[in-house]
Amino acid sequence: MMASKVMDTQCPFCSVQCKMQIMEKEEAGKTTYTVQPKANAASEGRLCIKGMNAYQHGLSEERVTEPLLNKDGVFTPVTWEEAYEFIAKKFRDIQGRFGHDVIGVYGGGSLTNETSYLLGKFARIGLQTKYIDYNGRFCMSAAAAASNAAFGMDRGLTNPLSDIRKTKCLILAGTNIAECQPTLMPYFMDAKENGAYIIVVDPRDTATAEMADLHLKVKPGTDVALASAMLKILLEEGYVDHSFVRERTTGFAEVKKHVAALDFDELVSKIGVSLEDLKEAAIRFGSAASGMILTARGVEQQTDGYLAVRNYINLLLVTGKIGKPGSGYGAVTGQANGQGGREHGQKADQLPGYRYIENDNDRAYMAGIWGVHPSEIPHKGVSAYEMMKKVHAQEIRALFLMGSNPILSNPNAGFVEEGIRKLDLLVAVDMFLSETAQLAHVILPAASFLENEGTLTNLEGRVLLREAARPVPGMVKQDWEILCDIAGRMGKGSYFPYGSAEEIFAELRRASRGGMADYYGITYDRLRKEEGIYWPCPTLEHPGEKRLFTAAFAHSDGKAKIAIVNHHYPKERVDEQYPLILTTGRVLEHYLTGVQTRKSVVLASRKMESFVEIHPKTAQRWKIKDDTLVKVNSRRGQIVVRSKLTDSIREDTVFVPMHWGGLQNVNKLTCEELDPTCKMPGFKICAVSIEPLLT
Ligand SMILES: Nc1nc2c(c(=O)[nH]1)N[C@H]1C(S)=C(S)[C@@H](COP(=O)(O)OP(=O)(O)OC[C@H]3O[C@@H](n4cnc5c(=O)[nH]c(N)nc54)[C@H](O)[C@@H]3O)O[C@H]1N2
Ligand SMILES: Nc1nc2c(c(=O)[nH]1)N[C@H]1C(S)=C(S)[C@@H](COP(=O)(O)OP(=O)(O)OC[C@H]3O[C@@H](n4cnc5c(=O)[nH]c(N)nc54)[C@H](O)[C@@H]3O)O[C@H]1N2
Ligand code: SF4
Ligand SMILES: [Mo]
């Protein structure tokens, strides 16, 4: 069969960034599509069901293809000129009345590096506001803060994926790779075949837990205690790598004293896992010749997520299992560009190249690149949810949204929606009328993955080039073009002179030069020839650094910090009225708030609606039958979802995925408490009650 058109592209969903080819064939007036994986280093030629069907939303009839202005409640097509004039006039007007910081900018981890970089510049130079943050706050912030504190640097995986095959022991904590990064599973199956012992820490029997040699079915929110118990066992049983600890770390003596004073009985009663199992896990890990720990949102989306990750990192540092083949840490990054998205300035306190906005040298360096005085760069703003609080308080009166659907993805979503409805101006740059875009005053149509060129950095820290595979439909524009156009109308056009994504990348390379996430040596030409390049890559000749910390950590003394970690209880507790713990997460077929995957016929038909996993004994107690509608109530709201009785979940816990809106929006239930260090919400715990919808 000869295809009439071939589109070479890269999946827009998760952080693996599998490459693929989409074949479009016209026959007798009918267009059909076939998809096949394309070999590349991370995916090794695999694609999961989401990747196979991604073209369906890209080519969907529901795409927004012209600028839409909400005129008296009706979205009305307008020219770009009219849309831009409307936005610029409103921006100028409210900034004139309330000051520059009255505008918030809210980005996302699906955006390319070029767009992420430009969005930061757009906020700080184009709009001169300090308020910018992004959905990655809900995703990567705990692990990023912990890696920065422990190692002096945050790159999701400290090792290339191929190291997984070499390791002899793996701890997978709060990560459901089988559903969330499915094409990585062969790495783990091969590791097992090569003799690795796999420990999974998860309150549910997930598809990932199925491959475990030992599954620690932890009570949600107790990972700090679990890692503390394992640390105590490692120290008591003599699994410390003393020469590594002496030469490459600081803080061990204090931690040793702290851990010695901990009480096993108390820890075990919190964790809900037997001491025997904890001992087995610790001894297996301690005695293995090499070991890796991977964490993801189960551990991190907690109000003590930062501490939990640090405590898992403690396990690696005391046993000397990092910076070697088959030994290292990994925060399994979530979104397509969850990695790059956090390196180039979308974060409230960050400048490109992982520079810090409160560091005078970093400010001066970026001022030089941007051609402004350092005093013209605003100081740090606040995190994503804190921005929503300012929206609610009408301290922020205009919001510029690019690549996120916050009324579904923020915690305490009812409050967030209430705030968003109060805005004087909401601009949503999106491919679709997402639940949030539906509340916008202006919707600007964005290019999809099929149409936009740019780089994305996968979970390994490997930078990949995704080239445009087809022209934009209708009047759609690239995200970066939209930013340049609006900046121009705000009188800042001379700072935004770009004619292509590659030109923006050229500036990003210089901006990141000498920074922690140094992309200077990476060019589009090199990316076309090589299979992606790992950062840091400081020169054009540099091959990129696959394995980090082989000789030194990134702190100025070259050492990693082992840290005392105390459990920090969330304010939210179960009680008589709300006796169950709700935890939230994902299913294989859908992606995040579902805006994209719910547009795919194949994916949507495999999972049409949300559900709540309930243990049969728990269901019996609350008179809930299988496959019936259930009200789930928390102190903040209520949702209605279908029951799914399963003994794969703990009796004290229920689980609801995050991919649906309206009555099924699980974030109507979740809490507003944030991790004090990194401002990650505690998405993985809230107290709920359940009851049948019809009694
Ligand atoms: N199919 C699919 N794949 C995706 C995504 C998607 O939406 N759909 N999203 C992408 C993104 S952005 C992200 S961030 C990643 C997320 O990837 P993951 O973090 O792997 O996914 P989650 O389902 O959020 O959570 C993982 C597991 O944490 C467990 N868990 C809950 N509470 C706790 C706890 O207290 N301790 C521990 N140890 N575990 C707990 C849950 O039971 C769940 O199985 O996936 C990426 N890939
Ligand atoms: N309860 C609960 N809540 C959670 C989580 C959880 O585990 N539990 N996980 C959190 C995590 S890890 C994440 S990452 C967030 C994600 O939360 P969101 O950011 O809200 O997730 P998406 O559904 O990816 O929304 C992306 C929007 O941007 C659009 N879009 C996609 N690509 C582009 C592009 O290139 N340009 C533009 N302009 N638009 C684009 C899509 O159409 C969609 O409307 O949710 C968080 N919320
Ligand atoms: S969702 Fe992730 S694993 Fe699946 S095809 Fe896309 S990039 Fe690959
Ligand atoms: Mo995420």
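Residues numbered from 1 in each chain as written. Chains lettered and ligands numbered in written order. Predicted model: local features only at pLDDT ≥ 70, side-chain atom pairs only at ≥ 80, totals over all residues. Heavy atoms only, no water.

### Some words on the overall build of the protein
Our working definition: To qualify as a helix, a DSSP run of H or I must reach at least 4 residues; to qualify as a strand, a run of E must reach at least 2; elements of each kind are numbered from the N terminus. Restricting the calculation to C-alpha atoms gives the radius of gyration, and the globule rule supplies 2.2 Å times the number of residues raised to the power 0.38. For every residue, the accessible area (1.4 Å probe, protein chains only) is compared with the maximum for its type, and the residue is labelled buried under 20%, exposed over 50%, or partly exposed between those bounds. Residue contacts follow a heavy-atom distance rule, with two residues in contact if any of their heavy atoms lie within 4.5 Å. Computed with a 1.4 Å probe, the accessible areas rest on the Shrake-Rupley method; for each residue, only the protein chains presented here act as cover. Working convention for charge: Lys and Arg count positive, Asp and Glu count negative, and His plus the chain ends are omitted. To locate a charge, take atom NZ for lysine, CZ for arginine, CG for aspartate or CD for glutamate.
Along the protein, the regular secondary structure elements total 22 helices and 28 strands. Relative to a compact globule of 695 residues, whose C-alpha radius of gyration would be 26 Å, the protein shows 24 Å and is just as compact. Overall, the C-alpha framework of the protein stretches about 70 × 65 × 60 Å when taken along its three principal axes. A burial count over the protein gives 65% of its 695 residues as buried. Contacts in the protein between residues far apart in sequence, at least 24 positions, make up 74% of those at least 6 positions apart. When the accessible surface of the protein is totalled, it reaches about 24000 Å², and 49% of it is carbon and sulfur. On the protein, the mean spot of the 83 positive side-chain charges and the mean spot of the 84 negative ones are 1 Å from each other.

### So, the domain arrangement of the protein
Under the convention used in this document: Bear in mind that the domain bounds are from an automatic or database domain assignment. What counts as a salt bridge is simple: a side-chain nitrogen of Lys or Arg found within 4 Å of a carboxyl oxygen of Asp or Glu. Under the rule applied, a polar contact is a pair of N or O atoms within 3.5 Å (in protein, one hydrogen donor and one hydrogen acceptor; residues adjacent in sequence only if both atoms are side-chain atoms).
Segmenting the protein into domains produces domain 1 (5-58), domain 2 (68-135 + 338-534), domain 3 (157-332) and domain 4 (580-692). Distance from the C-alpha centre of domain 1 to the C-alpha centre of domain 2: 27 Å. At the junction of the two partners, domain 1 supplies 19 residues and domain 2 supplies 18 residues. Counting across the domain 1 and domain 2 interface gives zero salt bridges. Applying the counting criterion to the domain 1 and domain 2 interface returns three residue pairs in polar contact (both at pLDDT 80 or more). Taken together, the elements giving at least two residues each to the side of domain 1 that touches domain 2 come down to β1 (5-10), β2 (19-27) and α1 (49-58).

### Some details on the UniProt feature "domain: 4Fe-4S Mo/W bis-MGD-type" (unreviewed entry) in the protein
Rules: UniProt positions are given in the numbering used here, feature names are shortened, and annotations may be inferred rather than shown by experiment.
In the numbering used here, UniProt assigns the feature "domain: 4Fe-4S Mo/W bis-MGD-type" (unreviewed entry) to residues 4-62. Between the first and last C-alpha atoms of residues 4-62 the distance is 24 Å; the span itself is 17% helix and 41% strand.

### Thoughts on unusual backbone geometry
The residue after W535, namely P536, is reached through a cis peptide bond having omega -5°. You can see P536 is positioned in the loop between β21 (533-534) and β22 (560-561). We note that N412 has phi near 50°; this positive angle belongs to a residue other than glycine. As for its position among the elements, N412 is in the loop between α16 (406-409) and α17 (413-421). Phi at L592 is positive, roughly 45°, even though this residue is not glycine. By the secondary structure assignment, L592 is in the loop between β23 (580-585) and α21 (601-606). Of the residues examined, L592 reaches a relative accessible area of 18% and is grouped as buried.

### Some thoughts on the environment of F285
Checked against the element boundaries, F285 lands in helix α11 (residues 275-287). Residue class for F285 comes out buried when judged on its relative accessible area of 0%. With 129 residues separating them along the chain, F285 and G414 place their C-alpha atoms 43 Å apart. If sequence neighbours within four positions are ignored, F285 has contacts with C169, I171, G291, M292, I293, L315, L316, T319 and K321.

### Quick word on the environment of E386
Assignment of secondary structure puts E386 in helix α15 (residues 384-392). Residue classification places E386 among the partly exposed positions, given a relative accessible area of 21%. Spatially, the C-alpha atom of E386 lies 30 Å from that of G493, the residues being 107 residues apart in sequence. Not counting residues within four places of it along the chain, the set of residues in contact with E386 comprises L674 and K679.

### Looking at the side chain of K232
By the secondary structure assignment, K232 is in helix α7 (residues 223-236). Residue K232 is classed as buried on the basis of its relative accessible area, which comes to 5%. Each residue touching K232, except ones within four places of it in the same chain, is listed here: V259, A260, L262 and F264.

### What about the site of ligand 1?
Note the cut-off: Summary of the distance rule: residues count as near a molecule or strand when at least one heavy atom falls within 4 Å of that molecule or strand. The distinction between a cavity and a pocket rests on a 1 Å grid over the protein atoms alone: a 1.4 Å probe fits inside a cavity but cannot get out, while a pocket stays open yet meets protein on both sides within 12 Å along at least five of seven lines, and a residue with an atom within 4 Å of a point counts as lining. Criterion for pocket placement: a molecule counts as inside a cavity or pocket if more than half of its atoms are within 2 Å of its grid points.
Surrounding ligand 1, one finds 35 residues, the nearest of these being G221, D223, R586, H590 and L592. The contact in question runs from an oxygen atom of ligand 1 to an N or O atom on the backbone of R297, over 2.9 Å. Alone, ligand 1 offers 910 Å² of accessible surface; in the complex the protein occludes 100% of this. Comparing atom positions with the cavity grids shows ligand 1 to sit within the second largest cavity.

### Some points on the pairing of strand β16 (residues 398-402)
What counts, and what does not: Whether two strands pair depends on DSSP finding at least two bridges between them.
By the criterion of burial, β16 is predominantly enclosed, with five of the five residues buried. Residues A398, F400 and M402 of β16 are buried on one face, and the alternating residues L399 and L401, pointing to the opposite face, are buried as well. Summarising the sheet, strand β6 (residues 103-107) and β16 pair through four bridges and their orientation is parallel. Residue pairing for β16: I103 is matched across the bridge by A398.

### Here's the deal with the packing of α7 against α11
Definition in use: Every angle, taken between N-to-C directions, lies between 0 and 180 degrees, and every axis is a line fitted to C-alpha atoms, over only the stretch in contact when it is a helix. Should an angle lie under 35 degrees it is considered roughly parallel, over 145 roughly antiparallel, and from 65 to 115 roughly perpendicular; all remaining angles are considered oblique. Crossing handedness follows the turn of the near helix against the far one: under a right angle anticlockwise gives a left-handed crossing, and clockwise gives a right-handed one. Ten residues, namely Ala, Val, Leu, Ile, Met, Phe, Trp, Tyr, Cys and Pro, are considered nonpolar, four, namely Asp, Glu, Lys and Arg, are considered charged, and the remaining ones, Gly among them, are considered polar.
Contact geometry of α7 with α11 gives a least axis separation of 9 Å together with a crossing angle of 60°. Between α7 and α11, the angle is such that the two are oblique. In this structure, α7 meets α11 at a crossing whose hand is right-handed. Note on element contacts: α11 touches α7 through L275, L278, K279, A281, A282, I283 and G286, opposite L226, A229, M230, I233 and L234. Residue composition of the contact of α7 with α11, by class: 10 nonpolar, one polar and one charged.

### What to know about the sheet that holds strand β7 (residues 132-134)
Across the sheet, which stays open at both edges, the seven strands sit in the order β5-β4-β18-β17-β16-β6-β7 with mixed pairing between neighbours. Looking at strand neighbours, the two that pair on one side only are β5 (74-77) and β7, the edges of this open sheet. Here the average twist between neighbouring strands, direction ignored, is 20°. Both β16 and strand β17 (residues 425-430) contribute to a ladder of five bridges, which runs parallel. Bridging from a neighbouring strand, A398 pairs with L425 of β17. Helix-sheet contacts for α15 involve β6, β7 and β16, and the interaxial angle to β6 is about 145°.

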